[in-house]
Amino acid sequence: MFTKWIQSYRDLPLMINQWANVTRWEMRTKPFIRTLEFLWQEGHTAHATLEEAEKEAMQMIDVYTKFAYEQAAIPVIPGRKSRVETFAGADRTYTIEAMMGDKKALQAGTSHNLGQNFSRAFETQFMDENGQLEHVWQTSWAISTRFVGGIIMTHGDDAGLMLPPRIAPIQVVIVPIWKKGDEKGVVMEAVASVQNTLKEAGIRVKVDDSELRTPGWKFNFYEMKGVPIRIELGPRDVKNRSVVLSRRDVPGKQGKEFGISMEPSILVDHIKGRLEEIQASLLQKAITFRDSNIVDVNSYGELKEVISEGKWARGPWSASDADELKVKEETSATIRCFPFDQPEGAKKCFMTGNPADEVAIFAKSY
């Protein structure tokens with residue numbers, strides 16, 4: 001289609017973004033991570049110059065990195081793939097690599113500079129400003145429902161999901177509590193008032209007033225669902241014009257706050273503050289976990305030891321593709337990326353002893 005659509009430099013850049021579903025014939029599936037069908041957002045662009053294509057590919061990996069950090073609270077490591085791990089048909093592949101709760105790496109999003117590989121195969125050409133026929137320079141980039149798996153496995157615990165507030169469909173769940181029939185009316189009136197206050201403030205809130213389940217059952221259910229904040233409201237709270245608040249990310253009594261005023265401005269400020277706190281806390285917890293499980297290595301023996309412990313190994317690398325495949329064969333670890341953030345100073349490849357310009361991160365992955 002690009003070959004039909006593009007004739008002149010005036011048609012460039014051509015920028016396409018699609019939200020589509022894809023079917024792949026996977027032998028061994030894993031929910032979200034590797035499925036027969038997945039949904040994704042996939043971009044394809046065509047440019048007049050290599051520089052424009054490179055700028056686009058880099059811009060998109062930056063967009064994915066920002067989304068991971070700021071919305072999903074996942075501290076990904078952005079970087080460049082090795083030649084062995086580069087997408088077939090791409091000149092360069094950029095990636096964001098995330099550490100899951102079991103310390104395996106997840107390739108959470110990619111952006112490819114395709115060079116002119118596809119435009120030469122499909123004869124996608126344009127007439128430039130000087131009347132010369134040139135092949136376009138292309139990029140493609142995508143993030144898929146695999147990222148949902150990444151959110152589950154980064155933040156989840158034994159009680160279930162733990163969703164960062166900025167992406168949680170329900171940010172606050174209100175659980176009404178009453179024992180006697182005559183208590184229901186006053187409790188539900190207060191619940192409706194709190195719900196409206198929060199809704200008007202732009203907070204995503206749900207009330208579970210179902211009488212088929214006990215409050216205790218509901219507490220466990222919404223913890224499993226990963227709702228960031230639970231509000232409990234009973235007759236005593238109505239009398240005191242206050243609510244009880246529980247944080248999903250802080251288990252037990254430590255995560256509970258009593259006597260939070262129902263006064264709209266106080267309640268809204270308090271809950272918005274707590275949501276931001278939870279968001280920041282989840283990111284910080286994930287950063288601490290990631291950094292404590294990345295080990296700097298200076299020899300192949302050290303790498304083997306670190307990988308056998310299930311951690312990530314980071315070390316200077318300038319060895320051959322054959323050496324890289326040897327590491328994969330002997331340890332099941334691959335180069336996840338050459339991070340954009342590189343240490344200063346002279347380096348020696350831990351495999352060959354030759355000078356190395358960059359450090360690479362090795363890990364087992366999904």
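Bear in mind that the values here come from a model prediction, so they are computed numbers and not experimental data.

**Looking at the overall build of the protein chain**
- Counting secondary structure elements, the protein chain contains ten helices and 19 strands.
- Taking all 366 residues of the protein chain together, the buried fraction comes to 46%.
- In the structure as shown, the protein chain presents an accessible area of about 19100 Å², 52% of it carried by carbon and sulfur atoms.
- One way to put it: in the protein chain the 47 positive side-chain charges average out to a point 7 Å from where the 50 negative ones average out.

**Some words on the pattern of salt bridges**
- Summed over all chains, the structure comprises 19 salt bridges.
- Among the charged side chains, a salt-bridge network with shared partners connects Arg-247, Asp-249, Glu-257, Arg-274 and Glu-277.

**A closer look at helix H2 (residues 50-70)**
- Between its first and last C-alpha, H2 extends 30 Å over 21 residues, near the 30 Å set by a 1.5 Å rise per residue.
- Those residues of H2 that sit buried are Ala-53, Glu-56, Ala-57, Met-60, Ile-61, Tyr-64, Thr-65 and Ala-68.

**Description of the nonpolar core**
- One finds Val-172, Val-194, Leu-198, Ile-231 and Ile-271 to be the most contacted residues of the largest nonpolar core, which totals 28 residues.
- Of all elements in the fold, only strand S9 (172-176), helix H5 (181-200), strand S10 (205-207), strand S11 (229-233), strand S12 (242-247) and helix H8 (264-292) reach the threshold of two or more residues within this core.
- The element contributing the most residues to this core is H8, with eight residues.
- Residues Ile-61, Tyr-94, Ile-143 and Tyr-366 belong to the second largest nonpolar core, which totals 22 residues.

**A few points about the domain arrangement of the protein chain**
- For the protein chain, the domain assignment lists domain 1 (1-155), domain 2 (172-276) and domain 3 (294-363).
- Computed over C-alpha atoms, the centres of domain 1 and domain 3 are 25 Å apart.
- Of the roughly 1600 Å² buried between domain 1 and domain 3 on both sides combined, carbon and sulfur atoms contribute 61%.
- Ionic pairing is found between Arg-336 and Glu-97, a salt bridge with its closest N-O pair at 3.0 Å.

**A few points about the packing of aromatic side chains**
- For the structure shown, the criterion picks out nine aromatic pairs.
- Both rings, one in Phe-2 and one in Trp-5, keep their centres 6.1 Å apart while their planes meet at 45 degrees; by these two values the pair is tilted. On the criterion of helical spacing, the pair formed by Phe-2 and Trp-5 is a turn pair, its members being three residues apart in helix H1 (residues 2-5).
- Take Phe-2: its relative accessible area is 13%, and that puts it in the buried class.
- A relative accessible area of 44% places Trp-5 in the partly exposed class.
- Ring geometry for Trp-317 versus Phe-362: centroids 5.2 Å apart, planes at 70 degrees, classification edge-to-face.

**Focus: the sheet that holds strand S3 (residues 77-80)**
- The strand order across the open sheet formed by ten strands is S1-S2-S8-S5-S4-S3-S16-S19-S15-S14, and the pairing between neighbours is mixed. Each edge of the open sheet carries a strand with a single partner, namely strand S1 (14-23) and strand S14 (294-296). When strand polarity is set aside, the average angle formed by the axes of neighbouring strands in this sheet is 30 degrees.
- In this structure, S3 lies alongside strand S4 (residues 92-99), joined through four bridges in antiparallel fashion. Directly across from Gly-79, in S4, lies its bridge partner Thr-95.
- Together, S14, strand S15 (312-316) and strand S19 (359-363) form the strand contacts of helix H9 (residues 300-308), whose direction differs from that of S15 by roughly 160 degrees.

**Side note on the UniProt feature "domain: Aminoacyl-transfer RNA synthetases class-II family profile" (unreviewed entry) in the protein chain**
- The UniProt record marks residues 10-164 with the feature "domain: Aminoacyl-transfer RNA synthetases class-II family profile" (unreviewed entry), using the residue numbering of this structure.
- Between the C-alpha atoms that bound residues 10-164 the distance is 43 Å, and the span itself is 23% helix and 37% strand.

**Some thoughts on the pairing of strand S16 (residues 334-339)**
- Taken across its six residues, S16 has six buried, putting it largely inside the fold.
- Direction of pairing for S3 relative to S16: antiparallel, over a ladder of two bridges. Looking at S16, one finds that Gly-79 is bridged to Pro-339.
- Strand direction decides the pairing type here: S16 and S19, joined by three bridges, are antiparallel. Looking across to S19, one finds that Cys-337 is bridged to Ile-361.

**Observations concerning the sheet that holds strand S13 (residues 256-261)**
- Reading across from one edge, S10-S9-S11-S12-S13 is the order of the five strands in this open sheet, with mixed pairing throughout. Taken across any chain shown, the strands that pair with only one partner, and hence form the sheet edges, are S10 and S13. Looking at each pair of strands side by side, their axes are set apart by 25 degrees on average, direction ignored.
- Pairing of S11 with S12 involves four bridges; the strand directions are antiparallel. Looking at S12, one finds that Glu-232 is bridged to Val-244.
- Here H5 sits on the sheet in contact with S9, S10, S11 and S12, set at roughly 170 degrees to S9.
- Strands S9, S11, S12 and S13 of the sheet are contacted by H8, whose axis makes an angle of about 5 degrees with S12.

**Structural notes on the pairing of S19**
- By the criterion of burial, S19 is predominantly enclosed, with five of the five residues buried.
- Covered by surrounding structure in S19 are Val-359, Ile-361 and Ala-363 together with Ala-360 and Phe-362, the residues of both alternating faces.
- Two strands pair when backbone bridges link them, and S15 and S19 are joined in this way by four bridges, in the antiparallel orientation. Counted as the bridge partner of Ala-313 is Phe-362 from S19.

Thresholds, definitions, all that
- Residues numbered from 1 in each chain as written.
- Predicted model: local features only at pLDDT ≥ 70, side-chain atom pairs only at ≥ 80, totals over all residues.
- Heavy atoms only, no water.
- Helix = DSSP H or I, 4+ residues; strand = E, 2+ residues; numbered from the N terminus.
- Buried < 20%, exposed > 50% of the residue type's maximum accessible area, 1.4 Å probe, protein only.
- Areas by Shrake-Rupley, 256 points an atom, 1.4 Å probe, with all protein chains shown as cover.
- Lys, Arg positive; Asp, Glu negative; His and termini not counted.
- Charge placed at Lys NZ, Arg CZ, Asp CG, Glu CD.
- Salt bridge = Lys/Arg side-chain N within 4 Å of Asp/Glu carboxyl O.
- Expected span 1.5 Å × (residues − 1).
- Core = buried A, V, L, I, M, F, W, Y, C linked by side-chain atoms within 4.5 Å.
- Domains from an automatic or database assignment.
- Buried area = accessible area lost by both parts, 1.4 Å probe.
- Phe/Tyr/Trp six-rings, centres within 6.5 Å; stacked < 30°, edge-to-face > 60°.
- Pairing = 2+ DSSP bridges.
- Axes fitted to C-alpha atoms, helices over the stretch in contact; angles between N-to-C directions.
- Contact = heavy atoms within 4.5 Å.
- UniProt positions renumbered as here; feature names shortened; annotations may be inferred.

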